[in-house]
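Given next are the chains, with one letter for each unit.
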Amino acid sequence: MQPRTSLQIHICVSVSALTMFLLKCAIQNALHAEALVWGLPLMSELHLTVSSVCILFQIDREHSKNFKPEDVQTRIEGKNCVVTGANSGIGYATAEGLASRGATVYLVCRNKERGEAALSKIQSMTGNKSVYLEVCDLSSVSEIKSLASRFYSKDVPVHVLTRYELNFAVNVLGTYTTTELMLPLLEKAAPDARVITVSSGGMYTAPLTKDLQFSDSNFDGVEQYARNKRVQVALTEKWAEMYNNEGIGFYSMHPGWAETPGVAKSLPSFSKSFSGKLRSSEEGADTIIWLALQAKEKLASGSFYFDRAEAPKHLTFAATRDSHAAINSIVASLRSLSALSL
Ligand SMILES: NC(=O)c1ccc[n+]([C@@H]2O[C@H](COP(=O)([O-])OP(=O)(O)OC[C@H]3O[C@@H](n4cnc5c(N)ncnc54)[C@H](OP(=O)(O)O)[C@@H]3O)[C@@H](O)[C@H]2O)c1
């Protein structure tokens, strides 16, 4: 009898390496982008032992090869665009891009000097004098209310409202309050009004949670950022459903990772290591401007966009989809926190 030979192959893959690999594949699949997963901690919703993840999206030159230049060549004289976070980074590039196409642009900035500097730079770069500054700290509900009442007294229809900031007070409560208070002026611009909320691909790692201010465990800034950005995506979906018949389109989007003052400040070593490899602010603003200029029939209200195309809101493995059911109770909390009447 011949002795049997057996071949045993042992494959050792660490859980974290495997998960990174799966995550990278899922993101590449979702956004058709070259995703570069950075940072070792992993997604808690994958029930692994780690708490957060940072995901970077390299410039996908393949995407921009398919962009149609005529899509962003439209002139929009007479359209009123309100851009928050407009003195820096992607918000500044968006404001300048809209002004260069003839729009009337209202820059909403918290600091008068930085706002005035942005205003005069945009006016001189674009030759458009219809650029105005509104000073408002969007982390303060009372300042947002006073901003809204200044707009009510101007009585201008608002065609485009875009927003850009970083923490809970601004990203979630500020986003909610400005949008709700601007609705009457957006309705005046219907059926051409649109609200563009700059979220982030970072939201892919977080489910929607009712714990808006991270009270249930040790605070984690990266996780909180992802949660805030998830709320923006779910709110956009909710607004689209609520105001379906009001002629206002609601869109959330991921700008890609761009080299901005915000990234340099919040992620200094990362910003240094990837300097020159990230998108420019103008590249980050491209899809926002594209969303502002397209015919509404080409866009899907409530959707999430990346690189001039609709992108999924959930990754296959991330188990975040069902969490969006919590949005009604989150809207109720935000309404109460912002003290808006029912
Ligand atoms: N850059 C990226 O790679 C990236 C990737 C994904 C998503 N995003 C999103 O894109 C948006 C813009 O990011 P960015 O990188 O362009 O950031 P940025 O350069 O820091 O710009 C943020 C802007 O928001 C303003 N702002 C912050 N807090 C404010 C407040 N309380 N009231 C009024 N204005 C306030 C800042 O004004 P001050 O100058 O006064 O601080 C600044 O003009 C953010 O929502 C970010 O989450 C960015």
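What counts, and where the lines are drawn
Residues numbered from 1 in each chain as written. Predicted model: local features only at pLDDT ≥ 70, side-chain atom pairs only at ≥ 80, totals over all residues. Near = placed C-beta within 6 Å. Helix = DSSP H or I, 4+ residues; strand = E, 2+ residues; numbered from the N terminus. Nonpolar A, V, L, I, M, F, W, Y, C, P; charged D, E, K, R; others polar. Axes fitted to C-alpha atoms, helices over the stretch in contact; angles between N-to-C directions. Parallel < 35°, antiparallel > 145°, perpendicular 65-115°, else oblique. Left-handed = near helix turned anticlockwise from the far one by under 90°. Contact = placed C-beta atoms within 7 Å. Expected span 1.5 Å × (residues − 1). Buried ≥ 20, exposed ≤ 12 C-beta atoms within 10 Å, placed from the backbone.

**Q** Summarise the site of the ligand; cite the residues concerned and give the values.
**A** Near the ligand you find 29 residues, and of these G85, G89, S200, T260 and G262 are the closest. For the shell around the ligand, the elements supplying multiple residues, two or more each, are α3 (89-100) and α8 (261-266). Residues belonging to the shell around the ligand are distributed by class as follows: twelve nonpolar, 13 polar and four charged.

**Q** I'd love a proper account of the packing of α3 against helix α10 (residues 281-293), names of residues and values included.
**A** Axis separation between α3 and α10 bottoms out at 8 Å; the angle between their running directions is 50°. Classed by the angle they form, the pair α3 and α10 counts as oblique. Note on packing geometry: the crossing formed by α3 with α10 is right-handed. Contacts between α3 and α10 involve G89, I90, Y92, A93, T94, G97 and L98 on the former and, on the latter, S281, E282, G284, A285, I288, I289 and A292. Residue composition of the contact of α3 with α10, grouped by class: eight nonpolar, five polar and one charged.

**Q** Break down α3 for me, citing the residues and quoting the values.
**A** With twelve residues, α3 ought to run about 16 Å at 1.5 Å a step, and its terminal C-alpha atoms sit 17 Å apart, in line with that. Within α3, eleven of the twelve residues are buried, leaving the element largely enclosed by the surrounding structure. Turning to α3, its buried residues are G89, I90, G91, Y92, A93, T94, A95, E96, G97, L98 and A99. Just past α3, the residue G102 takes up positive phi, approximately 95°.

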